[in-house]
Amino acid sequence: MRIVVCYKNVPEELMIKVNADRTLDLSGADYKIGQYDLNAVEAAAGLAKEAGDSEIIALTVGADIVSNTKLQKAVLSRGTNRMIGVKDAALASPDVLTVAEIIKKAVEKIGGVDLVLFGEGSGDIYSQQTGTVTGALLGLPTINAVEKIELGEGTLRVSRSLEDGVEHLEVQLPAVISVTSDINIPRIPSMKDILGAGKKPCEIWSLDDLQADVASSTEIVSMLAPEAADRKKMIIEGDGDDEIEAFFQQIRKVL
Amino acid sequence: MNFAKTEEQELLLESLREVVRRYGSEEYMQECDEKGEFPQKLLDALYENGFYTLGVPEEYGGTPCDMLTLMMYHEELGRTCTGAYAIDVVALQMDDMISFGTKKQIQDCVDSLNKAGTALCLGFTEPQAGSDSSAITTSFRRENGKVIINGRKTFITRADRSDHMLCMTRDPNAEDPKKAFTCWWVPMDAPGITIKPIPKIGWHMVKSCEVTLDNVVVNEEDMVGEEGNGFKVVMKNFEVERLVMAAIACGEATMAFEMAASYANERVQFGKPIGSFQLIQEKLFTMKMKINNMQNAIYKTAWMKDQGLPINTDAALTKYYCAQASSEVINDAIQIFGGIGYSAEMRLGKLWANNRICGIGGGTQEIMIHVGGRALLKEYKNFQAL
C-alpha cells in the first residue's frame, strides 16, 4: 500500500509576537510540524503496519522551511519511509487551491498512490479545506472528519462523528481522507527513530518539476491579532445572596 | 567551537518533554511524592520510548549514545520532572556489569530492564563507611563450597525494588588490605536479607534502605569481577555518576529559575511587578549566571569523556560546583516566591529538599575537594609560568 501523508510546517504559536498595530511577527518563532498533521502521520503508520509491505511518503509544500533538516527528521522519525518537499519562495503563504493543485500534481508524479491522508486542518490557518479540495481535484472519493479507519480488501472502512450520530462508510481505494485529532495519539519518537530518520531519503522538488504554477484564488487582505480588551476590574465583595445575584447578572450579560 | 545542540539532540529532548508531559505530570509526581511511591508509569513510558536504556549497548536492548547526549537527557529530565531523581541511571549500571560481570549476571540485568524494573542497587555504603569506603566490614567467607556474606549496608537506594545488589564485601583474613575487597551478585530475595527503608527529608519516591545480610548464601559464580579487585568494579563509573548528579541538579535549578523568572513578571507588589525591583533582578541575574556555568561545566566534562580524556578532576569540580550552585539557585527561587514559595503544595519546596542530597551522595563536597585538590597539586607540580 502506498500512502502519501501531507503535512505543513507551522510557527510555534507561543513564540508569535503581536506588534503594536496587531500584525503578527513570526520572525522569532521556531517551526514545527502542525499538531493535526501528526495525527495523519500516525494514522498512516498504523495503516501501513496493518497492511504490511507498504510505503509512506510524507509530503509538504512551502518556501525555505521545506529544506529545514530538523523538521525533515522530525517527520521521518514517525514511521514514514521518505519525504518529498515542494519548495518555492512563492509558497511562503499559499492559499488552499494553490496547495491542493501542487499536492495533486505531486501525487500524480509519485504514481501508484492508494491513499492521500491529511490532518483536520493546518496548525496555523486551520481552514480545514486542503484535503477536501485536493480530493476534488484528483477526482477521488474524498472524506473528512474521519476518526477511525480500518483496512478492508481494496477498501477502507471509516467512521465519522456527526452532530446527530456516527456515520460508517466503506470507501474504495484510491481515496483522499482527512482525519480528526480523535483518531489517535501520535507516537513519541524514540532515540532509535530519531537516529534512523537522518538516513531516510528526502527529495526537494521545484514547481518546474511538477509543471505547476502558483495560481491564487484568494488574497489575504489583512491578518491581525484580535483587539486586546481591557479587563473590567469589577470587584463584588461578600458572599451573601445579593452579591452572588449581582455576580450572576454580570456574567449573564456577557454570555 | 560549536555550542549548538545537534538536530538529533533537539528532537530527542522534544520527545522527552512529551513523555514527561504525558506520563510525568506534576500532579502524578505530587501523588507519588506524598504516598512515597515509585513513579512506575513514568518509568514504563521512559522504557517504552527507549530513554530508560539510553546509553546501553544495542545488543542488550539499549540505544547507544555519547556522554554529552546522556547528560542533556538527565538535565532535561531534571528540568521538566520533579521525579527525575527516581529514575535509575541504567547506562552506568549496565556498563559496570558488562565490564566485569559474567554472562548470567548481565542477562539478569537485561531481564530486569525488560520488565521496566531496576537491574541492581549499589551495595556499598555502611553505617561506619560513607566517605571512608575502605572501612566497610560486610564480610564474606567460604564454607562447604558456598560463599557466606554477613554485614549491614545503609542508604542503599532502590534496595526494595532491585532484583540484585552489587554487594561490596571484605575478606577479613586478606593479607594485603588493598586486595581485601570483592563484589558479589546478591539476589535481593535470598534468605537472610532484610530491607528497612530509612525515612528521608526528600527523595520520597525512592526508598533508601538499611540492608542486613545475615548468613546470606551465594555461589562462587556470583563473584563480580576478580577476587580482591572489588573497588575497580564500583569505581569504574563513579566519575560519570557524579556528572549525572550534576546534570540533574542543573536541571532542577533551571526549573526553579524559570518558575521564579516568570513569577517575577507577574507578581505585583507596591503597584509594580516585583521583577522591576533591582534586588529581584540581581537574584535572577546571578541564578542565570550559575545555570550557564553549570551547563558549560557539565557539557565540557561530558565532551572530554567522549574524547577519551581523563575526567577525574573535572568531574569532581563539576559536581562540587553544581551541588553548591543549584542549591543557591533553588534557594533564591523560593525567596523570590516569598511566602507561597514555602507552601508544601508548590514544587519548589520538593526541589529544595530533593536537591540537598547532591552535595552528599555520589561523593560529598569534601571528598570532591579531596579528589580534585590532590590531583591539581600533582598536575601543577612542575608548572613553569611564562
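Please refer to the structure higher up on the page.
Residues numbered from 1 in each chain as written. Chains lettered and ligands numbered in written order. Predicted model: local features only at pLDDT ≥ 70, side-chain atom pairs only at ≥ 80, totals over all residues. Heavy atoms only, no water.

**Student:** What is the right way to look at the pattern of salt bridges in this model?
**Tutor:** Side chains carrying opposite charge are able to pair once their charged atoms draw close together. Counted under the stated rule, the structure contains 34 salt bridges over all chains. Here A:Lys104 makes a salt bridge to A:Glu108, at a shortest N to O gap of 3.3 Å. Taken together, the positions of A:Lys104 and A:Glu108, both in helix α3 (residues 96–110) and 4 residues apart, correspond to about one turn of that helix. Under the relative-accessibility criterion, A:Glu108 is labelled partly exposed at 47%. The partner of B:Lys115 in a salt bridge is B:Asp163, and the shortest N-O contact between them spans 3.1 Å. (Salt bridge = Lys/Arg side-chain N within 4 Å of Asp/Glu carboxyl O. Helix = DSSP H or I, 4+ residues; strand = E, 2+ residues; numbered from the N terminus. Buried < 20%, exposed > 50% of the residue type's maximum accessible area, 1.4 Å probe, protein only.)

**Student:** Mind showing me how you'd approach the interface of chain A and chain B here?
**Tutor:** As a measure of interface size, the accessible area lost when the parts come together is often cited. In this complex, chain A contributes 14 residues to the contact, which on the side of chain B involves 18 residues. When chain A packs against chain B, close to 1500 Å² is buried across both sides, 61% of that on carbon and sulfur atoms. The largest per-residue losses of area from chain A upon contact with chain B belong to A:Lys70, A:Ile188 and A:Met191, which jointly make up 49% of the total buried on that side. We note a salt bridge from A:Lys73 to B:Glu7, for which the minimum N-O separation is 2.8 Å. Scanning the region where chain A abuts chain B turns up 8 residue pairs in polar contact (both at pLDDT 80 or more). Put simply, the parts of the chain that give the side of chain A that touches chain B at least two residues each are α2 (69–76) and α5 (191–197) of chain A. Classifying every residue of the side of chain A that touches chain B by side-chain character gives 8 nonpolar, 2 polar and 4 charged. (Contact = heavy atoms within 4.5 Å. Buried area = accessible area lost by both parts, 1.4 Å probe. Polar contact = N/O pair within 3.5 Å; in protein donor to acceptor, adjacent residues only side chain to side chain. Nonpolar A, V, L, I, M, F, W, Y, C, P; charged D, E, K, R; others polar.)

**Student:** Can you walk me through the environment of B:Gln335 in this structure?
**Tutor:** Residue and element names in this part refer to chain B. Tracing the backbone shows Gln 335 in helix α10 (residues 312–337). In this structure Gln 335 comes out as exposed when scored by relative accessible area, which is 56%. Along the primary structure Gln 335 and Arg 170 are separated by 165 residues, whereas in three dimensions their C-alpha atoms are 47 Å apart.

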